[in-house]
Amino acid sequence: MIQLYIPLNFLGVLYREIRQSLTDIERMFGLMHTHREIADAPDAHTLPAGPASVRFESVSFAYDAKRPILFDVDFDIPAGSTVAVVGHSGSGKSTLARLLYRFYDVQGGALRINGHDLRSLTQDSLRAAIGIVPQDTVLFNDTLYYNIHYGRPGASREEVEAAARAAQLEDFIRQLPEGYETRVGERGLKLSGGEKQRVAIARALLKNPAILIFDEATSALDSRTEKAIQAQIELAAEGRTALVIAHRLSTIMNADEIIVLDKGRIVERGRHAPLLAQGGAYAQMWLLQQQEEEAGSTPTDRDDEH
Ligand code: ATP
């Protein structure tokens, strides 16, 4: 009996893990109920592990042929650097992330990692190279340990603890009476937005991907929380190639390049200070966010306070 139980139990765990990570990713990309038809090419090859440079090469894309979303989008994320994408709601920021994860194929141009067209790679090797810190992390109704561990199911206890430490979760976990065994999720301890994001970062660090997609939450936050998020983005992105989808400009001031998208087109690009000095779309967005902050018109989210 026990011989049967172990493999069945293993399958159950595996099933839960696969379902959960799909839920996470689908939620992040808002892909619930969408139909996907991406398949590996018959001669698809594995993306070799190691540092990765990303290239969006004149990318054009439409979900629906009648309504183009991206036009000739062209930029690089050199290995180890951070590129942030900003722009109004609906400008196409998340679409760039969906294309990088290859939920869809581009219709014009190409997307490359270390020169390999994404369409020539196996999806497994592509997705193994990419970690995601989603806007809203889905926590599994299980222990904190379990929730971090599924970032890489084969990881050892030491590796899980090291990832939690690196994501600055250790102090928080230590003060919980049940520590790593604390149950979280809908039926357990409710974590704050910031704590959930740290769990997502710990998962991503455990997976240790060459490429990181950081999807910043849209909700407005107070400036102290924004500083904490900026530090978390920088921590998670360290030593990786990072694409940050940013909603608050103050969190991406240190990005190596900022891409400003407007209705699917790059309208400005550069680092924070020169973009401000340019006095264009970015400077306008910055001014508006500053004014909103000063007027206190943004709802304060104190979730992240400790
Ligand atoms: P936000 O800041 O609000 O998250 P965004 O810049 O990330 O916006 P996208 O999510 O990339 O914008 O969406 C770009 C455009 O594509 C929007 O007009 C959106 O309605 C459309 N769109 C997104 N997903 C789909 C889909 N699955 N099918 C059809 N249209 C879509």
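Small disclaimer: the values here were computed from a predicted structure and weren't measured.

(A) Spatial organisation of the environment of Ile148. Structurally, Ile148 is set in helix H4 (residues 144-149). Since 27 C-beta atoms lie within 10 Å of it, Ile148 is described here as buried. Separated by 16 residues in the primary sequence, Ile148 and Ala164 place their C-alpha atoms 7.7 Å from one another. Sequence-distant contacts of Ile148, defined by excluding residues within four places in its chain, comprise Val160, Ala163, Ala164, Val199, Ala202, Arg203 and Leu206.

(B) Structural context of the sheet that holds strand E4 (residues 108-113). Spatial strand order, E2-E1-E4-E5: 4 strands in an open sheet with antiparallel pairing. If you trace the sheet from one side to the other, it starts and ends with strand E2 (67-77) and strand E5 (116-117), each paired once. The pairing of strand E1 (residues 54-64) with E4 spans 5 bridges and is antiparallel. For Ser60, the partnering residue across the bridge sits in E4 and is Gly108. Across the sheet, helix H2 (residues 93-100) touches E1, E2 and E4, and the angle it forms with E1 is around 110 degrees.

(C) Broad picture of the pairing of strand E6 (residues 130-133). Both faces of E6 are covered, namely the face carrying Ile130 and Ile132 and the face carrying Gly131 and Val133. As judged from the 4 bridges shared by E6 and strand E7 (residues 211-215), these two strands associate in the parallel manner. Residue pairing across strands places Val133 opposite Phe214, the latter belonging to E7.

Conventions we followed
Residues numbered from 1 in each chain as written. Predicted model: local features only at pLDDT ≥ 70, side-chain atom pairs only at ≥ 80, totals over all residues. Helix = DSSP H or I, 4+ residues; strand = E, 2+ residues; numbered from the N terminus. Buried ≥ 20, exposed ≤ 12 C-beta atoms within 10 Å, placed from the backbone. Contact = placed C-beta atoms within 7 Å. Pairing = 2+ DSSP bridges. Axes fitted to C-alpha atoms, helices over the stretch in contact; angles between N-to-C directions.

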